Amino acid sequence: MLKKLSLLILIILTMFLVACSNTKIIKESSTKNEVIRQVMSTPKKDVILLGDNYDYLFTGEEAKKLLTLIDFFKIEGLNGNINYIKKSLTIDESGIVKLYVGTEFEFQKKNENNINDKKFEQEQEKFVYNFKKRLDDKKIEYKIKENTETWKFLLPNTINIEGKVAKLENHNKILQENSNQLINLNIDLTEVHQKEVRRFSPTQIIVGTVGVILSPILLPIIFLYN
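Keep in mind that this is a model prediction, so the values were computed, not measured.

Calculation criteria
- Residues numbered from 1 in each chain as written.
- Predicted model: local features only at pLDDT ≥ 70, side-chain atom pairs only at ≥ 80, totals over all residues.
- Heavy atoms only, no water.
- Helix = DSSP H or I, 4+ residues; strand = E, 2+ residues; numbered from the N terminus.
- Pairing = 2+ DSSP bridges.
- Buried < 20%, exposed > 50% of the residue type's maximum accessible area, 1.4 Å probe, protein only.
- Axes fitted to C-alpha atoms, helices over the stretch in contact; angles between N-to-C directions.
- Core = buried A, V, L, I, M, F, W, Y, C linked by side-chain atoms within 4.5 Å.
- Contact = heavy atoms within 4.5 Å.

Undergrad: I'd love a proper account of unusual backbone geometry, names of residues and values included.
TA: Even without being glycine, K45 reaches a positive phi, approximately 70°. Looking at the secondary structure, you find K45 in the loop between strand 1 (22-41) and strand 2 (47-51).

As structure tokens, then:
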């Protein structure tokens with residue numbers, strides 16, 4: 001009888017601890033490198049980025065903002081300079097993706113590996129000229145700060161748009177057919193996951209700890225008098 005009563009008390013105590021606990025949702029993230037191989041626009045003016053990990057679909061007003069950015073990819077010399085532009089992709093559990101492209105563009109005047117590389121300097125000057133012309137043609141406001149090392153362009157509106165993760169069935173075929181037009185754009189990719197964690201109050205922790213400490217003493221007594 002006493003054994004059954006003790007078992008019942010133990011069960012009630014366990015139920016009490018579980019019932020009175022609460023859960024907290026925490027977010028965990030993992031970061032990997034994404035390479036955007038190709039950008040394509042659909043007849044509906046949607047924009048799809050084809051990446052090594054995922055494809056990314058942007059529609060409506062978000063796609064219109066991205067079309068301007070895609071136009072920049074066509075500027076001669078941009079591929080060599082785009083690594084200086086801050087950019088990232090973030091995906092949540094629902095498949096929503098956010099693309100961030102910073103609008104502070106800093107371009108080097110000197111070749112970091114060879115400061116006497118005159119060809120590099122000429123190419124950079126040509127690139128900056130074309131970049132300024134494209135901004136002017138698009139009527140995009142900008143400020144420029146220049147020193148002996150860099151040109152820094154400051155645009156007023158950061159590109160921060162939302163789309164969703166997709167995976168095109170003909171992903172590989174598209175890349176093969178456009179192998180001579182790949183942009184190979186490196187972007188930091190962060191995947192965010194939610195996780196439930198059960199939390200106990202300080203009182204519950206004390207009760208549970210006391211129970212664990214006393215159990216080696218109480219159990220022999222229970223069996224002795226059963």
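Undergrad: Any details on the pairing of strand 9 (residues 159-166)? Residues and values, ideally.
TA: Relative to strand 9, strand 3 (residues 55-58) is paired through three bridges, and the arrangement is antiparallel. Counted as the bridge partner of L57 is K164 from strand 9. Here strand 5 (residues 96-101) pairs with strand 9 via six bridges, running antiparallel. Across the sheet, residue K98 finds its bridge partner in strand 9, namely E162.

Undergrad: Describe the pairing of strand 5, and please don't skip the residues or the numbers.
TA: It is a general feature of regular strands that their side chains alternate between the two faces of the sheet. Across the two faces of strand 5 the burial differs, with V97, L99 and V101 buried and I96, K98 and Y100 not buried at all. Pairing of strand 4 (residues 87-91) with strand 5, which is carried by five bridges, proceeds in the antiparallel orientation. Counterpart to L89 in the pairing with strand 5 is L99. In this antiparallel pair of consecutive strands, strand 4 and strand 5, the connection spans four residues, and G95 shows a positive phi of 90°.

Undergrad: Please give an account of the sheet that holds strand 6 (residues 104-108) that cites residues and values.
TA: Strand order across the open sheet formed by three strands is 6-8-7, with antiparallel pairing between neighbours. Here the strands that pair on one side only, and so sit at the sheet edges, are strand 6 and strand 7 (143-146). Neighbouring strand axes in the sheet, compared pairwise and without regard to direction, differ in orientation by 15° on average. Of the strand pairs in this sheet, strand 7 and strand 8 (residues 150-154) are connected by four bridges, and their pairing is antiparallel.

Undergrad: How would you summarise the nonpolar core if you had to cite specific residues and measurements?
TA: Of all hydrophobic cores here, the largest spans 31 residues; its most connected members are I36, L49, Y56, F58, L66, L99 and F153. When neighbours within four sequence positions are excluded, F153 is seen to be in contact with T103, E104, F105, F107, V128, F131, K132, L135, Y142, K143 and I144. Among the nonpolar cores identified, the runner-up in size contains five residues, and I48, L57, I174 and L175 belong to it.

This is a description of form; function is not addressed.
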